[in-house]
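# Chains, contacts and geometry: an overview
Residues per chain, in single letters:
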Amino acid sequence: MHVIVTGGSSGIGLAIAKLYATRGDRVSLLARHPGRLEQARAEIISLSGIDSARIQIASVDVASADQTTAAIEICEAAFGPCDILIASAGIVEPRAFDAMSASIFEEQISINFLGTANAVRSVYRGMKARRSGRIMMISSGAALVGIFGYTAYCASKSALVGFAEALSAEAEAFGVRISICFPPDTLTPQYRREISMRPAEAKILMGSVKPWSAEAVAARIVRGLEQGKAKIHFGFSLAALAYFGPLIKPPLMWLISRKTRKIIGQEATESLADVTDRGFDHGK
């Protein structure tokens, strides 16, 4: 079996790649940075019983449709048609909307949403012709509820929901299974960077929920694929949002809005007090 993983150089994508590699599958890792891809391949090969000839890498920016198609064609020429696509490439740059440049907003949409569509497009026609194949889109718990400071990320991950549902309606008759999952905060290199950038308001609103390990998230995704699940959720809170969103979200968003106004009000008061204090100090 040939498994293609975008965003396979680290985090959830790499953890999934390791699981399939240990089963003896042929695995193709796609990501932007050649050095990180080489390191990821070395990590996989270092695992017990791995045949290095069954692991290949390709440097590609999935935001480019042409690059993605060309890279996947090379991977399929070497390892055969793609049986499973894991569309895991993603990026998050949290900050308030009015503090976010257009280029940063667009980059998140381009990689998270269009990058997934580009990868899917590159394998879908072949899967449809063979009447077999599985596609897993890695969304996020952020697709289920709006989060302060995550306008672009929430938008990009929410868009995947509609894409997955619509594509599933087209693909089912041809034996191609479309799945989507909604991971929680996951301990990855990107998560560590995200936390350092997360706005103070978001930190207060989101609390200090312990992140999942990439290995635990990967195991649930692979298991869900094997069970033929169309949607995979993680933890009680995210599952409740997914299944009972219309009931839960109105009061939840009211509480979030109320808390946000309170936080911003406190910040404004503290800022004013600080300015006043500096004014008094200056006059001494």
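Structure: see above.
Scope of this entry: the structure provided in the associated data block. What you are looking at is a predicted structure, and each value in this text was computed from that prediction instead of being measured.

### Remarks on the pairing of strand E4 (residues 84-87)
Side chains Ile84 and Ile86 project from E4 onto one buried face, and the interleaved Leu85 and Ala87 project onto a second face that is buried too. One ladder, built from four bridges, connects strand E1 (residues 2-6) with E4; its direction is parallel. Note that in E4 the partner of Ile4 across the bridge is Leu85. The pairing of E4 with strand E5 (residues 133-138) spans four bridges and is classified as parallel.

### A word on helix H3 (residues 65-79)
Look at H3: 21 Å from first C-alpha to last across 15 residues, which is about the 21 Å you get at 1.5 Å a residue. Every buried residue of H3 is accounted for by Thr68, Ala71, Ile72, Cys75 and Phe79. An end-on view of H3 places all buried positions within 95° of arc, on one side of the element. H3 presents Asp66, Glu73, Ile74 and Ala77 as exposed residues on the side facing more than 90 degrees away from its buried surface. Where H3 is buried, its residues touch E1, strand E2 (26-31), strand E3 (55-59) and helix H4 (102-130). Gly80 occupies a position one or two residues after H3 and carries a positive phi of about 90°.

### Comments concerning the packing of aromatic side chains
Scanning all chains against the criterion turns up four aromatic pairs. With a centroid separation of 6.2 Å and an interplanar angle of 85°, the aromatic rings of Phe113 and Phe163 are classed as edge-to-face. With Phe113 in helix H4 and Phe163 in helix H5 (residues 151-171), this residue pair connects regions lying 50 residues apart in the sequence. For the ring pair Tyr150 and Tyr153, a centre distance of 6.3 Å and an interplane angle of 65° mean the geometry is edge-to-face. Taking the relative accessible area as the measure of exposure, Tyr150 reaches 3% and is therefore buried. Of note, Lys128 hangs over the ring of Phe174, and the distance from its end group to the ring centre comes to 4.5 Å.

### Comments concerning the nonpolar core
Counting residues in each nonpolar core, the largest one holds 34 residues, and the members touching the most others are Leu30, Leu85, Val123, Ile135, Met137 and Ile178. The set of elements that each furnish at least two residues to this core consists of H3, H4, E5, H5, strand E6 (176-181) and helix H9 (235-283). Here the element with the most residues in this core is H4; it accounts for six residues. With sequence-adjacent residues up to four places away left out, Leu30 is seen in contact with Ile4, Val5, Thr6, Gly7, Gly8, Leu37, Ala58, Val60, Ala71, Ile72 and Cys75. Ile16, Ala21, Cys181 and Val222 belong to the second-largest nonpolar core, a separate cluster that totals 30 residues.

How each quantity is defined
Residues numbered from 1 in each chain as written. Predicted model: local features only at pLDDT ≥ 70, side-chain atom pairs only at ≥ 80, totals over all residues. Heavy atoms only, no water. Buried < 20%, exposed > 50% of the residue type's maximum accessible area, 1.4 Å probe, protein only. Helix = DSSP H or I, 4+ residues; strand = E, 2+ residues; numbered from the N terminus. Pairing = 2+ DSSP bridges. Expected span 1.5 Å × (residues − 1). Arc of directions from axis to C-beta. Contact = heavy atoms within 4.5 Å. Phe/Tyr/Trp six-rings, centres within 6.5 Å; stacked < 30°, edge-to-face > 60°. Lys NZ or Arg CZ within 6 Å of the ring centre and 35° of its normal. Core = buried A, V, L, I, M, F, W, Y, C linked by side-chain atoms within 4.5 Å.

Keep in mind that these numbers describe shape and distance, not what the molecule does.
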